[in-house]
Amino acid sequence: MEEALVQVKPCESSIQDKSSKPPTFIKILLRETDDIVLFENPSETVPRDSEEAATVIAANEKYEYLTKGKGRNRRTTNSEAQTMDCLYKSRAVNTDRIKQEDIGTFVSNYEMFDTYEDLARSSHSLDVSEETKIVITTYTREGEEDPGQFLNNSANFRLSAMIIQRLLAGNVFREKQKRFRNMYLPDPLSIDVKYHYTLERLWSYQWTSLSGYAVTSFSWCESNRDILAVGYGLFYLEPTREQPENGFVCIWSIKNPVNPERQFRFDAPVSAVAFSPFYPQMLSVGLYNGSLEIRDFTDEYGSLIASTDRETAPGFESIWQIDWLPGEGIFSQFGQLLTISVDGRIMKYSFTSGPFLDTVQLLRLSRVEGVVEGLPVAKKKDLMEAYRHPQALCLRIHPLRKHTYFVGTDEGCLHTCSLNYPHHHIGVCQVHKGSVYSIEYSPWSPKIFLTCGSDWCIRVWVEGVFTPVIELSSGFNAVNCAFWSPIHATIIASCSRNCVELWDIRRKTLKPASTHKFDSSPLTKIKFSKCGRSLIVGTADGVIHVCALEDMPFPPHFQYNELQKAIYGAISGDLLDQVKSLGHLGYPTDKKKRPTSGT
């Protein structure tokens, strides 16, 4: 290592700039690097005066003796040695000898008919997509054990098959599953943004064993938003169609859109399902015969947690809707259940130490007599004399006052009830001229709600005002259900007999923003996904369509302000003064946070 000092002469530019003095010397440090071999050619010769010369000369003489001298004529003998023997086996050893025989037989049309009948019974078709279909055929021999029966009884095999089905389904539906999971978000800075309110079908939940069963209820799992519980039973009463005598509940997952991951069979048609918000594995199931069961859907066979006692329970008509309430007493951690029935009964169920639920009848509705507030409707006296109790068709608990709930009936009335006053209702209002099928509060206001019914209308109401602020109607079909969008304050989705309509009350109220018709069987129920960017549509043939909402408006930052602006723009005169006199209609800032649009 050496050090050197090199003198530096200043350049002309540095001479002109007299303010900065250039350095006179620069110190350079030189280090020795390792040797780098670029090419090497080792020598094959040895000097005679070296130490290895004698060994090399002896080796060369021996080589000459063995190759050119007398040593090449040496004698050789054969001797045995212990070496490894390589054993070879031909393919013919591993197979049986093929026997060929000539046999004659006679086949008539009867044998051919039986053969094709057996083939049809043992063949099952599976729809992978709209264009692809798989046909699976299983064959059995007489006198042999059916391996399928043994595999069906194996829990490990069923679990492995479920995992394999998820993997195979991911190969087909991967992009659509990403769309459902909100991995493809619209670009808010895109130049060609258009609002067409498109409904694009991603896939359909369809099981061959459910043909003829109608979709009656949906419920998303509270802890896992990929899991959907669907109840199958009776929805439309059609005399030309055979009605099912039993029902099913299927647990579907977006990881496997082809087959349900749980199937539970019931002795009566299923009319309502609801996941517990307290214990996500608990699923409440309401049946057409008035029974209520609580099942553990994590168990493969759906073990029964609790149920109603048919001998002591007062309800015997179908349960049309179920809502969970906070519990009381020693079993408060499990919660309570509030149900409505077609016979007008409102029941409350509580858990006990036994296998049966404690049943309490809170109220049994009676038909409204006289003139009530709301829409002017002429009463039918013959109907009132025939049956004194209306049908309770929909139930909704107040978003802030949890002890207050609302019940819609088949006479178009909305009954306001309270858990603190169990034997009579607090108030009643006429909201429709026919049956009320749905009551939904806005996610952005605890005083604004909508109702839909059989009089072809969707009406938006404000608590304290007995006149609808907005009325939506587009045809002559009953509106089965309607929902507010969980991510956009002014968008409403509704379902009629054969189409799904998307309304945007901020833009127009005379006709829907878009209408999407389904050519399949009549529609029964719809429901938004938890993220609000997908829609679930159920049909009367047991098919559930999972659709994505595309070309939708971007959610506003101040949701309540947009909702208030849309309502104020749709009304005028005295009605506008009544709504403004109520003051701020949004959620208090200390009681509810603004919902997010995450997955």
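Residues numbered from 1 in each chain as written. Predicted model: local features only at pLDDT ≥ 70, side-chain atom pairs only at ≥ 80, totals over all residues. Heavy atoms only, no water.

## Things to note about the overall build of the protein chain
Consideration 1: Within the protein chain one finds eight helices and 33 strands.
Consideration 2: Counting over 599 residues, the protein chain shows a buried share of 42%.
Consideration 3: Total accessible area computed for the protein chain in this model is approximately 37,000 Å², and 52% of it derives from carbon and sulfur atoms. (Helix = DSSP H or I, 4+ residues; strand = E, 2+ residues; numbered from the N terminus. Buried < 20%, exposed > 50% of the residue type's maximum accessible area, 1.4 Å probe, protein only. Areas by Shrake-Rupley, 256 points an atom, 1.4 Å probe, with all protein chains shown as cover.)

## A closer look at the environment of A513
Consideration 1: Considering the arrangement of structural elements, one finds A513 in the loop between β29 (499-504) and β30 (514-517).
Consideration 2: On the basis of relative accessibility, which here comes to 22%, the residue A513 falls in the partly exposed class.
Consideration 3: For the pair formed by A513 and I491, sequence separation is 22 residues and the distance between their alpha carbons is 9.3 Å.
Consideration 4: In this view, A513 contacts Y197, L502, W503, D504 and K508; residues no more than four positions away in its chain are not counted. (Contact = heavy atoms within 4.5 Å.)

## Digging into the packing of aromatic side chains
Consideration 1: Here the structure, examined in full by the defined rule, presents 16 aromatic pairs.
Consideration 2: On the numbers, 6.3 Å between centres and 70° between planes, the contact of F173 with W203 is edge-to-face. Taken together, the residues F173 in helix α5 (residues 155-180) and W203 in strand β5 (residues 198-205) connect sequence positions 30 residues apart.
Consideration 3: Given the relative accessible area of 7%, F173 is considered buried.
Consideration 4: Pairing W456 with F476 gives two aromatic rings, centres 5.0 Å apart and planes at 80°, and the pair type is edge-to-face. You can see W456 sitting in the loop between β24 (448-453) and β25 (458-462) and its partner F476 sitting in the loop between β26 (470-472) and β27 (481-484), a full 20 residues away along the chain.
Consideration 5: Residue W456 is classed as partly exposed on the basis of its relative accessible area, which comes to 38%.
Consideration 6: Through a chain of ring-to-ring contacts, the aromatic side chains of F173, F180, W203, Y205, W220 and W252 assemble into a single cluster. (Phe/Tyr/Trp six-rings, centres within 6.5 Å; stacked < 30°, edge-to-face > 60°.)

## Some details on the sheet that holds strand β23 (residues 436-441)
Consideration 1: Pairing is antiparallel across the open sheet formed by four strands, whose spatial order is β23-β24-β25-β26. Of all strands in the sheet, those bounded by a partner on one side alone are β23 and β26. Strand-to-strand, the axes of this sheet are offset by a mean angle of 20°, without reference to chain direction.
Consideration 2: Bridging between β23 and β24 involves five bridges; their strand directions are antiparallel. Paired with Y441 across the strands is F449, a residue of β24. (Pairing = 2+ DSSP bridges. Axes fitted to C-alpha atoms, helices over the stretch in contact; angles between N-to-C directions.)

## Let's talk about the pairing of strand β6 (residues 214-220)
Consideration 1: Counted residue by residue, β6 has seven buried out of seven residues, so it is predominantly covered.
Consideration 2: Bridging between β6 and strand β7 (residues 227-233) involves six bridges; their strand directions are antiparallel. Bridge pairing links S219 to A229 in β7.

## Focus on the sheet that holds β30
Consideration 1: Spatially, the four strands line up as an open sheet ordered β27-β28-β29-β30, and their pairing is antiparallel. Taken across any chain shown, the strands that pair with only one partner, and hence form the sheet edges, are β27 and β30. Going across the sheet, the axis of each strand differs from the next one's by a mean of 15°, ignoring polarity.
Consideration 2: Pairing of strand β28 (residues 491-495) with β29, which is carried by five bridges, proceeds in the antiparallel orientation. In the sheet register, I492 faces β29, and the bridge partner there is W503.

## A short note on the nonpolar core
Consideration 1: Ranked by size, the top nonpolar core spans 27 residues in total, and within it I448, I458, V460, V469, W484, I492 and I505 carry the most contacts.
Consideration 2: Listed by contribution, the elements that provide at least two residues to this core are β24, β25, β26, β27, α7 (559-570) and α8 (573-581).
Consideration 3: Examining the composition of this core, we find that four residues originate from one element, α7, more than from any other.
Consideration 4: Beyond its immediate sequence surroundings of up to four residues, I492 is in contact with L450, V460, L472, A482, F483, W484, E501, L502, W503 and I505.
Consideration 5: If you look at the next biggest cluster of nonpolar residues, it comprises 23 residues, including W203, C250, W252 and I254. (Core = buried A, V, L, I, M, F, W, Y, C linked by side-chain atoms within 4.5 Å.)

## Brief notes about the environment of L292
Consideration 1: Within the secondary structure, L292 is located in strand β12 (residues 292-296).
Consideration 2: Spatially, the C-alpha atoms of L292 and I319 are 7.9 Å apart, while their sequence positions differ by 27 residues.

## Things to note about α5
Consideration 1: Taking 1.5 Å of rise per residue, 26 residues should cover 38 Å, yet α5 covers just 30 Å from first to last C-alpha, more than 12% shy of that figure.
Consideration 2: Of all the bends in α5, the greatest measures close to 80° and is centred on F173.
Consideration 3: Restricting attention to buried positions, one finds in α5 the residues M162, A169, G170, F173, Q177, R179 and F180.
Consideration 4: Tucked inside the fold, the buried residues of α5 contact β5, β6, β9 (262-266), β32 (534-539) and β33 (544-550). (Expected span 1.5 Å × (residues − 1). Bend = angle between axes of the 7 residues up to and from the residue.)

## Re the side chain of H398
Consideration 1: If you trace the backbone, H398 turns up in the loop between β19 (392-397) and β20 (404-409).
Consideration 2: At 2.9 Å, the side chain of H398 forms a polar contact with the side chain of E463.
Consideration 3: If sequence neighbours within four positions are ignored, H398 has contacts with T404, Y405, F406, Y441, P446 and E463. (Polar contact = N/O pair within 3.5 Å; in protein donor to acceptor, adjacent residues only side chain to side chain.)

## Here's the deal with the confidence of the model for the protein chain
Low-pLDDT portions of the prediction should not be read for the details of their coordinates.
Consideration 1: Per-residue pLDDT for the protein chain averages 84, and the proportion of residues at 70 or more is 88%.
Consideration 2: Across residues 590-599, where pLDDT falls below 50, the model places 17 contacts with residues more than four positions away in sequence or in other chains. (pLDDT = per-residue confidence, 0-100.)

## With respect to a nonpolar patch on the surface
Consideration 1: Together, L159, I163, I164, L167 and L168 give the surface a local cluster of nonpolar side chains, amounting to about 470 Å² of exposed area.
Consideration 2: Position of I164 relative to the elements: it lies in helix α5. (Patch = residues over 30% accessible without salt bridge, like charges linked within 9 Å, V, L, I, M, F, W, Y side chains within 5 Å. Salt bridge = Lys/Arg side-chain N within 4 Å of Asp/Glu carboxyl O.)

## Observations regarding the side chain of S204
Consideration 1: Considering the arrangement of structural elements, one finds S204 in strand β5.
Consideration 2: A polar atom in the side chain of S204 sits 2.5 Å from the side chain of R201.

## Side note on the environment of C413
Consideration 1: Of note, C413 is situated in strand β21 (residues 413-418).
Consideration 2: Judged by its relative accessible area of 0%, C413 falls in the buried class.
Consideration 3: Remark: the alpha-carbon pair of C413 and H432, spanning 19 residues in sequence, is separated by 6.8 Å.

## Considerations on the pattern of salt bridges
Consideration 1: Taken as a whole and assessed by the stated rule, the structure comprises 19 salt bridges.
Consideration 2: R166 is paired through a salt bridge with E261; the nearest N and O atoms lie 2.7 Å apart. Taken as a pair, R166 in helix α5 and E261 in the loop between β8 (247-253) and β9 lie far apart in primary sequence, 95 residues in all.
Consideration 3: You can call R166 partly exposed: its relative accessible area is 27%.

## A look at the state of the cysteines
Consideration 1: The final tally for this structure, using the stated rule, is zero disulfides.
Consideration 2: In this structure C429 is not part of a disulfide, and its nearest cysteine sulfur, from C413, lies 8.0 Å away.
Consideration 3: For C429, a relative accessible area of 10% corresponds to the buried category. (Disulfide = S-S within 2.5 Å.)

## Digging into unusual backbone geometry
Consideration 1: We note that Y197 has phi near 55°; this positive angle belongs to a residue other than glycine.
Consideration 2: With respect to the helices and strands, the residue Y197 is situated in the loop between α5 and β5.
Consideration 3: Residue classification places Y197 among the buried residues on the basis of a relative accessible area of 4%.
Consideration 4: Of note in the backbone geometry, W456 takes a positive phi value of approximately 70° without being a glycine.

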